[in-house]
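Given next are the chains, with one letter for each unit.
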Amino acid sequence: GDSVTQKQGQVTLSEDDFLFINCTYSTTTYPTLFWYVQYPGQGPQLLLKVTTANNKGISRGFEATYDKGTTSFHLQKASVQESDSAVYFCALVMSNYNVLYFGSGTKLTVEP
Amino acid sequence: DTTVKQNPRYKLARVGKPVNLICSQTMNHDTMYWYQKKPNQAPKLLLFYYDKILNREADTFEKFQSSRPNNSFCSLYIGSAGLEYSAMYLCASSATGFNQDTQYFGPGTRLLVL
């Protein structure tokens, strides 16, 4: 079945470090892919999305590229800030009803 | 306003007792979802309403009920809570249509069953 895998449960960085969060997916078609971010005390919110049409999503300094060959959708940011500390979820949508399949999330802690 | 509200934010329940969680949105979204989130696990879809039609996941079919009395409100009902129901419950809504696939989430209800 369709699935999303995030192997990094936790990532700890210092400010201005480069961020890379790995995400791979398994599906029989080409889904729309998302990164959601969840700050403490809040629900997940959309960070960026990528479709098969545009291949790359960029938002707030974060970017992710849709790689059909490796079925990956890694999240990157050149220089993280303490305010980026949050949980990041990779997800894909398959059905006509926008049902999301999530990865288990990566908790990012950015130290000053 | 893209706010999804959930009540209560925290719920303590006893084993065997019922639990009712509430979600509301004012975006006139046609679809509302409930997810269960446990520590170190992915949010898991429990069910969703498209308009007035309820769709429940096969593996949680008998554990959760829901109602949607109008477009804005959706509830999640547990008839008899067990310890395994302790989790964060996230409600979300979405408009379904061309290029409209973003889900908007509420802050969640943290349920603890003792």
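For the structure itself, look to the data block above.
Residues numbered from 1 in each chain as written. Chains lettered and ligands numbered in written order. Predicted model: local features only at pLDDT ≥ 70, side-chain atom pairs only at ≥ 80, totals over all residues. Heavy atoms only, no water.

Novice: Even after reading the chapter, I still don't get the packing of aromatic side chains, so can you show me in this structure?
Specialist: Any two aromatic rings considered together are summarised by their centre-to-centre distance and by the angle between their planes. Counted according to the given criterion, the structure contains 17 aromatic pairs over all chains. Centre to centre, the rings of Tyr-36 of chain A and Phe-102 of chain A are 6.0 Å apart; their planes meet at 65 degrees, and the pair counts as edge-to-face. With Tyr-36 of chain A in strand S5 (residues 32–38) and Phe-102 of chain A in strand S11 (residues 100–102), this residue pair connects regions lying 66 residues apart in the sequence. Note on Tyr-36 of chain A: relative accessible area 0%, which makes it buried. Accessibility expressed as a relative area gives 7% for Phe-102 of chain A, which makes it buried. Residues Tyr-66 of chain A and Phe-73 of chain A carry aromatic rings whose centres are separated by 6.5 Å and whose planes lie at 65 degrees to one another, so their mutual orientation is edge-to-face. Side by side, Tyr-66 of chain A and Phe-73 of chain A carry an identical accessibility label, which is buried. Taking NZ or CZ as reference, Lys-68 of chain A lies 5.0 Å from the ring centre of Tyr-66 of chain A, over its face. Its end group placed over the ring of Phe-61 of chain B, Arg-56 of chain B keeps NZ or CZ at 3.9 Å from the ring centre. (Phe/Tyr/Trp six-rings, centres within 6.5 Å; stacked < 30°, edge-to-face > 60°. Helix = DSSP H or I, 4+ residues; strand = E, 2+ residues; numbered from the N terminus. Buried < 20%, exposed > 50% of the residue type's maximum accessible area, 1.4 Å probe, protein only. Lys NZ or Arg CZ within 6 Å of the ring centre and 35° of its normal.)

Novice: Honestly, the interface of chain A and chain B in this entry has me stumped. Any pointers?
Specialist: Where interface size is given, it is often the accessible area lost as the parts come together that is meant. At the interface, 19 residues of chain A touch 24 residues of chain B. The largest contributions to the chain A side of the interface with chain B come from Tyr-97, Asn-98 and Phe-102 of chain A, which together make up 34% of the buried area. Applying the counting rule to chain A against chain B returns zero salt bridges. Connecting chain A to chain B are seven residue pairs in polar contact (both at pLDDT 80 or more). Looking at the side of chain A that touches chain B, the elements that each hand over two or more residues are S5, strand S6 (45–50) and S11 of chain A. If you tally residues by element for the side of chain A that touches chain B, the top one is S5 of chain A, at four residues. (Contact = heavy atoms within 4.5 Å. Buried area = accessible area lost by both parts, 1.4 Å probe. Salt bridge = Lys/Arg side-chain N within 4 Å of Asp/Glu carboxyl O. Polar contact = N/O pair within 3.5 Å; in protein donor to acceptor, adjacent residues only side chain to side chain.)

Novice: Explain the sheet that holds strand S3 (residues 19–25) of chain B to me, please; I cannot follow it from the model alone.
Specialist: Remark on secondary structure: sheet strands pair via backbone hydrogen bonds, oriented parallel or antiparallel. Residue and element names in this part refer to chain B. Pairing in this open sheet of four strands is antiparallel, and the strands run S1-S3-S8-S7 from one edge to the other. The strands lining the two open edges of the sheet, one partner per strand, are strand S1 (4–7) and strand S7 (65–70). Mean inter-strand twist for the sheet, computed between neighbouring axes without regard to direction, equals 20 degrees. Judged from the four bridges that link them, S7 and strand S8 (residues 73–78) form a sheet pairing that is antiparallel. (Pairing = 2+ DSSP bridges. Axes fitted to C-alpha atoms, helices over the stretch in contact; angles between N-to-C directions.)

Note that every value here comes from positions in space, so none of it alone points to a role or purpose.
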